[in-house]
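# Close look at the chain arrangement
Here is how the chains run, residue by residue.
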2 protein chains.
Amino acid sequence: MDHLMEKTIHKEEIFKGKVIDVYVEDVELPNGKTSKREIVKHPGAVAIIPITDEGKLVLVRQYRKALERVLVEIPAGKLEKNEEPAMTARRELEEETGYAAQELHHLLSFYTSPGFADEIIHLYVAKGLKKLESAAPLDDDEFVDLLEVTLEEALAMLQKQEIYDAKTAYALQYLQLQYALQK
Amino acid sequence: MDHLMEKTIHKEEIFKGKVIDVYVEDVELPNGKTSKREIVKHPGAVAIIPITDEGKLVLVRQYRKALERVLVEIPAGKLEKNEEPAMTARRELEEETGYAAQELHHLLSFYTSPGFADEIIHLYVAKGLKKLESAAPLDDDEFVDLLEVTLEEALAMLQKQEIYDAKTAYALQYLQLQYALQK
């Protein structure tokens, strides 16, 4: 794949934040010319599709500052340093929903925005959900509402653009596919 | 949803680039405390699921500098200023694959990374593909290989992590669902 590769000539650090770092790289293109690439580095994240014994989907409603609006999403959260993604998934599920999962399996991982960012999301399905007596607390800058909905209700939220993000859209399609295969 | 909202107290511009802008905002949380949000602004993009008359999927292989690796993805591209997404979809499909589509329909739109970025992808399905005699040129810093694959071949690429991004994973699941519903 060398005929597609872009070689870094110079890398400038623009910003080092709590969550993201930003770089501008001068690259040599496959044809020998040069260009600039603006790149966001992210620690990676997990997202969980929590399915209750009644077949309902557990969702969280939260304010997304980047969009200046409230979205309904599957539970998700950033990887802590040196934390295994499966551990992050259990922690975020408990913190955001108050559920512990007896079954957790990795479905797939995907980069969310390969054009400018290295964020990867590890997606899990959680079943055998048991409500915890005392739930782990949320991060102190995190505020969410909890919802338990049927697939039909979630699809109606997608129509109304209350659900509006890639990982949750993937989750809804995953459930549609499961139901279609059962028939 | 006011009980979830975060009010901007101060907004600092960190970077204005060719593709992305970066801000740090001080916000007042629902409980009256303050926090910082690191935010990436992006012009938005389209992605296209191109399906040939033989039922094959048209994919592009390209180098992604943010990941320092080659990925295989459905065709995609950023919105130009004042360009309708459907127009961008036709333009990117022609530039990246050399195909014009007789049928183009909007499937859904989703935010890719609502935790830190406002990037939205408008996803289209393209059918009735006709190879153009003289294809529109790619951007001068864009280099891609073209692939036409069956769903099974694409799923094997997902297994091998050659396909590894949200929009393309969504596209493959979309095709799986279409096939499941036909049976």
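Note that the structure is a prediction, hence the values are computed from the model and not measured.

Procedures and definitions
Residues numbered from 1 in each chain as written. Chains lettered and ligands numbered in written order. Predicted model: local features only at pLDDT ≥ 70, side-chain atom pairs only at ≥ 80, totals over all residues. Heavy atoms only, no water. Helix = DSSP H or I, 4+ residues; strand = E, 2+ residues; numbered from the N terminus. Expected span 1.5 Å × (residues − 1). Contact = heavy atoms within 4.5 Å. Buried area = accessible area lost by both parts, 1.4 Å probe. Salt bridge = Lys/Arg side-chain N within 4 Å of Asp/Glu carboxyl O. Polar contact = N/O pair within 3.5 Å; in protein donor to acceptor, adjacent residues only side chain to side chain. Pairing = 2+ DSSP bridges. Axes fitted to C-alpha atoms, helices over the stretch in contact; angles between N-to-C directions. Core = buried A, V, L, I, M, F, W, Y, C linked by side-chain atoms within 4.5 Å. Buried < 20%, exposed > 50% of the residue type's maximum accessible area, 1.4 Å probe, protein only. Phe/Tyr/Trp six-rings, centres within 6.5 Å; stacked < 30°, edge-to-face > 60°. Lys NZ or Arg CZ within 6 Å of the ring centre and 35° of its normal. UniProt positions renumbered as here; feature names shortened; annotations may be inferred. Least-squares fit on C-alpha atoms with pLDDT ≥ 70 in both. Domains from an automatic or database assignment. Nonpolar A, V, L, I, M, F, W, Y, C, P; charged D, E, K, R; others polar.

### Observations regarding helix 1 (residues 85–97) of chain B
Residues and elements named next belong to chain B. Between its first and last C-alpha, helix 1 extends 18 Å over 13 residues, near the 18 Å set by a 1.5 Å rise per residue. Of the surrounding secondary structure, the elements contacted by the buried residues of helix 1 are strand 4 (45–50), strand 5 (57–64), strand 7 (76–78), strand 8 (99–111), strand 9 (120–131) and strand 10 (144–149). Directly after helix 1, the chain includes G98, whose backbone phi takes a positive value near 75°.

### Some details on the interface of chain B and chain A
Contacts between the two partners involve 70 residues from chain B and, on the opposite side, 70 residues from chain A. A buried area of about 6100 Å², summed over both sides, lies between chain B and chain A, and 67% of it is on carbon and sulfur atoms. Note that D141(A) and R37(B) form a salt bridge whose closest N and O atoms lie 3.1 Å from each other. Inspection of the region where chain B meets chain A yields 32 residue pairs in polar contact (both at pLDDT 80 or more). At the level of elements, strand 1 (7–16), strand 2 (21–28), strand 3 (34–41), strand 5, strand 6 (69–73), strand 8, strand 10 and helix 3 (166–182) of chain B are the ones that each hand at least two residues to the side of chain B that touches chain A.

### A look at the sheet that holds strand 5 (residues 57–64) of chain A
All names here are of chain A. Reading across the sheet, the three strands line up as 6-5-10 and stay open at both edges, with antiparallel pairing between neighbours. Strand pairing shows two members of the sheet lacking a second neighbour, strand 6 (69–73) and strand 10 (144–149), which therefore form its edges. The mean angle between the axes of side-by-side strands here comes to 25°, regardless of whether they run parallel or antiparallel.

### Brief notes about the nonpolar core
Of all hydrophobic cores here, the largest spans 54 residues; its most connected members are I49(A) and I49(B). Sequence-distant contacts of I49(B), that is, excluding residues within four places in its chain, are made with L57(B), I74(B), L107(B), L123(B), Y124(B), V125(B), A126(B), A171(B) and Y174(B). Core analysis: the second largest hydrophobic core is formed by 14 residues, I20(A), V24(A), F116(A) and A117(B) among them.

### Looking at the pattern of salt bridges
All names here are of chain A. Under the counting rule described, the total for this entry stands at 32 salt bridges over all chains. A salt bridge links D26 to K36; the shortest N-O distance between them is 2.7 Å. Here D26, found in strand 2 (residues 21–28), pairs with K36, found in strand 3 (residues 34–41); they are ten residues apart in sequence, far enough to count as distant. According to the relative accessible area criterion, K36 is partly exposed, its value standing at 43%. Notably, a salt bridge pairs E73 with K167, separated by 2.7 Å at the nearest N-O pair. Taken as a pair, E73 in strand 6 and K167 in helix 3 (residues 166–182) lie far apart in primary sequence, 94 residues in all. By the burial criterion, E73 is buried, and K167 matches it. Several salt bridges share partner residues, and in doing so they unite E80, E83, R91, E92 and E95 into one network.

### Some words on the packing of aromatic side chains
For the coordinates displayed, the defined rule picks out four aromatic pairs over all chains. Its end group placed over the ring of Y99(B), K131(B) keeps NZ or CZ at 4.3 Å from the ring centre.

### Things to note about the pairing of strand 3 of chain B
Every other side chain in a regular strand lies on the same face of the sheet, so the side chains alternate between the two faces. Residues and elements named next belong to chain B. Taken together, the eight bridges between strand 2 and strand 3 define a ladder with antiparallel strand orientation. What sits directly across from E28, in strand 3, is T34. The hairpin turn running from strand 2 into strand 3, its antiparallel successor, is five residues long, and G32 in that turn takes a positive phi close to 90°.

### Overview of the UniProt feature "binding site: Mg(2+)" (unreviewed entry) in chain A
Residue and element names in this part refer to chain A. When the UniProt feature table is mapped onto this chain numbering, "binding site: Mg(2+)" (unreviewed entry) sits at A76, E92, E96 and E142. Annotated residues spanning 67 residues; largest pairwise C-alpha distance 11.8 Å, indicating a single compact cluster. Its location among the elements puts A76 in strand 7 (residues 76–78). The contact partners of A76, leaving out residues within four places of it in the chain, are V46, A47, E92, E96 and K167. Among the secondary structure elements, E96 is positioned in helix 1 (residues 85–97). For E96, a relative accessible area of 4% gives the class buried.

### Description of helix 3 of chain B
Residues and elements named next belong to chain B. Over its 17 residues, helix 3 extends 24 Å from the first C-alpha to the last, a length consistent with the 24 Å expected when each residue adds 1.5 Å. The buried fraction of helix 3 amounts to twelve of the 17 residues, a majority that puts the element mostly inside the structure. Within the span of helix 3, buried status applies to A166, K167, T168, A169, Y170, A171, L172, Q173, Y174, L175, L177 and A180.

### Some thoughts on the relation of the copies chain B and chain A
Between chain B and chain A, the superposition needs a rotation of 180° and an axial shift of 0.0 Å, giving an RMSD of 0.0 Å. What we have between these two chains is a two-fold relation. Mapped onto chain A, 100% of the interface residues of chain B are again interface residues, and the two copies thus contact each other with one and the same surface.

### A word on the domain arrangement of chain A
Residue and element names in this part refer to chain A. We note that the domain assignment places domain 1 (7–41) and domain 2 (45–182) within chain A. Averaged C-alpha coordinates put domain 1 and domain 2 at centres separated by 31 Å. Taken together, the contacts link six residues of domain 1 with five residues of domain 2. Around 380 Å² of area is buried between domain 1 and domain 2 when both sides are counted, 51% of it from carbon and sulfur atoms. It is V19, V40 and K41 that lose the most area in domain 1 upon contact with domain 2, and together they represent 77% of the buried surface on that side. Summed over the shared surface of domain 1 and domain 2, the number is one salt bridge. Here domain 1 is connected to domain 2 by two residue pairs in polar contact (both at pLDDT 80 or more). Here the side of domain 1 that touches domain 2 is built from residues that sort into three nonpolar, no polar and three charged.

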